[in-house]
Amino acid sequence: MSSFFIKSKVNPKLSKQGKNTAAIKRKSDGDSGAKSKMRAKKPSSKYNEEISSDSEPESSKVPRKRQPKEDNDYAETPQEKKLRLAKLYLEQLKDAEERNAEDEDFETDLVAGKLEEEVLEQKGKLQRLIAKDLIEPDASEIRVLRGHKLPITCLVISPDDKHIFSAAKDCSIIKWDVEIGKKMHTIPGGRKGTEDRHVGHTAHILCMTISSDGKYLATGDMNKLIMIWEAETCQHLYKFTGHKGPVSGLSFRKGSHDLYSASHDRSVKVWNVAENAYVETLFGHQDAITGLDCLSRERCVTAGGRDRSVRVWKIAEESQLVFHGHEGSIDCIQLINEEHMITGADDGSVALWSVNKKKPLCIVKQAHGCHGDVEAKQPHWVASVAALQNSDTVASGSHNSQVQLWKCGQNYRGLQRLFSVPVSGFINSLKFSSSGQFLVAGVGQEHRLGRWWRLKEAKNGIYIIPLKRKSPNPEEPKVDE
């Protein structure tokens, strides 16, 4: 048994060294415990931060701007974070629904407004009030296009306002680019006697019109011919014959390819250009018809020249309404909307009409002043009129070298002068752009129908007159009561 209790011999130095090591260990443990207590009592900002394995050594400082975010993340529990994100998602959904609702309401209002405008337009009661915002343009802002050798007789503007088509007594047709003011295409005129071999007109062109889709261009001349052209390429398509006198008026029915023509033979003819077909002829005027116009309804209006009548032709009913009011020859006519129109006469008067009344709603005599001696004054006759469709703005032109702009009164019962624009020559044709941004005047040294008066100082040209406005905001449409 004594073998089990034999004491091992230990090196006294090693034993003493072990005791010292144990004492040092206990002391270090005690010191570390004391230090941890001190840390708990007085936390240090240096050791209170989280340091990732990818961060810099302990001695480096974390940027101060990131600390709040880390403190917030550290303070936010997973449940709180889920709740915050759920609330944020709900708010985003709510905002999206509100925006969609606003967009749907806007689109609905837009469509409803457009439909309302179309209904008012069909009824002839749409009147956009823009005349009060128009201001007179500076002379330097008016552009002049020159290219015809003889007086310009007529012109039209394409539906997109990008091109102007003009015709003249030189029998030529020119297509212009509005923006750059350059010729895009020229259809030359031919000499008398070359009708069989020349593609185009060989006599003075008196009238022209373009379809509402911009596809077809129609022109009429002194040789009783109507030419149909492809507006895009100016390629000749058809030739309509049948009138027994010069073709003095042409107009496409809006939204269709139905063409109405008027002539000095006192007749109105109806054509279908898309089918290259003649439809019918209407009679009623007692003198040469000098002008014609139409909009979207199946009817047209005409000026009867020296029979001093204005007529509304109801094509489907094969009937007509007759109006009287001017004292002289009515030389030009233009529809303002489906219910109202403006006319000009060689007695110097401008008149506003309603298709529901046989007399003018308003007539302005000596609209362009007078000329001659005091004892023998004669009014400047009105050679052309134009109307900005479905608005309160119209214009008239004379041989006094002035384009006069007018404001139509309420219910078209008055005409108020706005301002006049000087041009040099006979204003044989006037047209407003569809957008209402500019007015175009076709000017020549002579009247489009004759040579009894020549202005030697005048120059043949196309004047592009900008319509400047005080306010850029469009006016709301007004319904006439």
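The model shown is predicted, which means the values in this text are computed figures rather than measured ones.

Cut-off values and rules
- Residues numbered from 1 in each chain as written.
- Predicted model: local features only at pLDDT ≥ 70, side-chain atom pairs only at ≥ 80, totals over all residues.
- Heavy atoms only, no water.
- Helix = DSSP H or I, 4+ residues; strand = E, 2+ residues; numbered from the N terminus.
- Buried < 20%, exposed > 50% of the residue type's maximum accessible area, 1.4 Å probe, protein only.
- Areas by Shrake-Rupley, 256 points an atom, 1.4 Å probe, with all protein chains shown as cover.
- Salt bridge = Lys/Arg side-chain N within 4 Å of Asp/Glu carboxyl O.
- Pairing = 2+ DSSP bridges.
- Axes fitted to C-alpha atoms, helices over the stretch in contact; angles between N-to-C directions.
- Contact = heavy atoms within 4.5 Å.
- Patch = residues over 30% accessible without salt bridge, like charges linked within 9 Å, V, L, I, M, F, W, Y side chains within 5 Å.
- Core = buried A, V, L, I, M, F, W, Y, C linked by side-chain atoms within 4.5 Å.
- Polar contact = N/O pair within 3.5 Å; in protein donor to acceptor, adjacent residues only side chain to side chain.
- Disulfide = S-S within 2.5 Å.
- Lys, Arg positive; Asp, Glu negative; His and termini not counted.
- Charge placed at Lys NZ, Arg CZ, Asp CG, Glu CD.

> How should I be thinking about the overall build of the chain in this particular structure?
Broken down by element type, the chain carries three helices and 34 strands. Burial analysis of the chain (481 residues in total) assigns 45% to the buried set. For the chain, the exposed area adds up to about 27,200 Å²; of that, 50% sits on carbon and sulfur atoms.

> Looking at this model, I keep getting lost on the pattern of salt bridges. Mind explaining?
Two side chains with opposite charge may pair up if their charged atoms get near one another. Applying the stated rule across the entire model yields eight salt bridges. E141 is the salt-bridge partner of K468, the closest N and O atoms lying 3.3 Å from each other. Taken as a pair, K468 in strand 33 (residues 468-469) and E141 in the loop between strand 2 (134-135) and strand 3 (143-145) lie far apart in primary sequence, 327 residues in all. Look at E141 and you get partly exposed, because its relative accessible area is 30%.

> Looking at this structure, I do not really get the sheet that holds strand 18 (residues 309-314). What am I missing?
Within a sheet, neighbouring strands are paired by backbone hydrogen bonds and run either parallel or antiparallel to one another. Strand order in the open sheet formed by four strands is 16-17-18-19, and the pairing between neighbours is antiparallel. Among the strands making up the open sheet, the edge pair consists of strand 16 (291-293) and strand 19 (319-324). Averaged over all neighbouring strand pairs, the angle between strand axes comes to 20 degrees, with direction disregarded. As paired elements, strand 17 (residues 299-303) and strand 18 share five bridges and run antiparallel to each other. From the neighbouring strand, C300 faces strand 18, where its bridge partner is W313.

> Please clarify how the environment of M222 should be interpreted in this entry.
Inspection of the secondary structure assignment puts M222 in the loop between strand 9 (216-221) and strand 10 (226-230). Note on M222: relative accessible area 32%, which makes it partly exposed. Residues M222 and L206, 16 residues apart in the sequence, show an inter-C-alpha distance of 6.9 Å. If sequence neighbours within four positions are ignored, M222 has contacts with A203, H204, L206 and P246.

> In this structure, what is going on with the pairing of strand 15 (residues 277-283)? I would like to understand it.
Working note: regular strand, side chains alternate between the two faces of the sheet. Of the pairings in the sheet, the one linking strand 14 (residues 267-272) to strand 15 comprises six bridges and is antiparallel in character. Paired with S267 across the strands is F283, a residue of strand 15. Taken together, strand 14 and the strand that follows it, strand 15, pair antiparallel across an intervening segment of four residues, in which N276 is found at a positive phi of about 55 degrees.

> Before we go on, may I ask you to explain a nonpolar patch on the surface in this structure?
Among the surface-exposed residues, Y89, L90 and L93 lie close enough to one another that they form a single nonpolar patch of about 320 Å² accessible area. Tracing the chain through its elements places Y89 in helix 3 (residues 78-123).

> Can you walk me through the nonpolar core in this structure?
Within soluble globular proteins, side chains that are nonpolar tend to cluster in buried spots. Core analysis: the largest hydrophobic core is formed by 20 residues, its most contacted members being V403, L405, L430 and L439. Among the elements of the structure, strand 28 (402-408), strand 29 (415-422), strand 30 (426-432), strand 31 (438-444) and strand 32 (461-466) are those that each provide at least two residues to this core. Those residues in contact with L439 that lie beyond four places of it in its chain are A395, V403, L405, L430, K431, F432, Y463, I464, I465 and L467. Within the second largest apolar cluster, 17 residues are counted, among which are V364, V382, V385 and W406.

> I'm lost on the sheet that holds strand 31 in this one. Help?
As summarised here, the arrangement of the four strands in space is 3-32-31-30, forming an open sheet in which the pairing is antiparallel. Looking at the sheet topology across the chains shown, the edges are occupied by strand 3 and strand 30. Going across the sheet, the axis of each strand differs from the next one's by a mean of 25 degrees, ignoring polarity. For strand 30 and strand 31, the ladder comprises six bridges, and the chain directions are antiparallel. Looking across to strand 31, one finds that S429 is bridged to G442.

> Explanation requested: the side chain of S396 in the structure shown.
Mapping S396 onto the fold places it in strand 27 (residues 393-398). A relative accessible area of 0% places S396 in the buried class. A polar atom in the side chain of S396 sits 2.8 Å from the side chain of H368. One polar contact links S396 to W406, side chain to side chain, over a distance of 2.9 Å.

> Sorry if this is basic, but what is going on with the state of the cysteines here?
Applying the stated criterion across every chain, the model contains zero disulfides. With no disulfide of its own, C154 lies closest to C207 among cysteine sulfurs, the gap being 6.3 Å. Given a relative accessible area of 5%, C154 falls into the buried group. Cysteine C294 remains unbridged, with the sulfur of C300 as its closest cysteine sulfur at 6.5 Å. For C294, a relative accessible area of 5% puts it in the buried group.

> When you look at the pairing of strand 20 (residues 330-335) in this model, what are you seeing that I'm missing?
Taking burial as the measure, the six residues of strand 20 include six buried ones, the bulk of the element. Both strand 20 and strand 21 (residues 340-345) contribute to a ladder of five bridges, which runs antiparallel. By the bridge assignment, C332 is partnered in strand 21 with G344. From the end of strand 20 to the start of strand 21, which pair antiparallel, there are four residues.

> How should I be thinking about a negative patch on the surface in this particular structure?
A surface patch of negative charge is lined by E91, D95, E97, E98, E102, D103 and E104. Position of D103 among the secondary structure elements: in helix 3.

> Explanation requested: unusual backbone geometry in the structure shown.
Glycine aside, the phi torsion of most residues is negative, and most peptide linkages are trans. Of note, the phi angle at C234 is positive, near 65 degrees, even though the residue is not glycine. Positive phi, normally seen in glycine, also occurs at R266, with a value near 75 degrees. Among the structural elements, R266 can be located in the loop between strand 13 (258-263) and strand 14. A relative accessible area of 40% places R266 in the partly exposed class.

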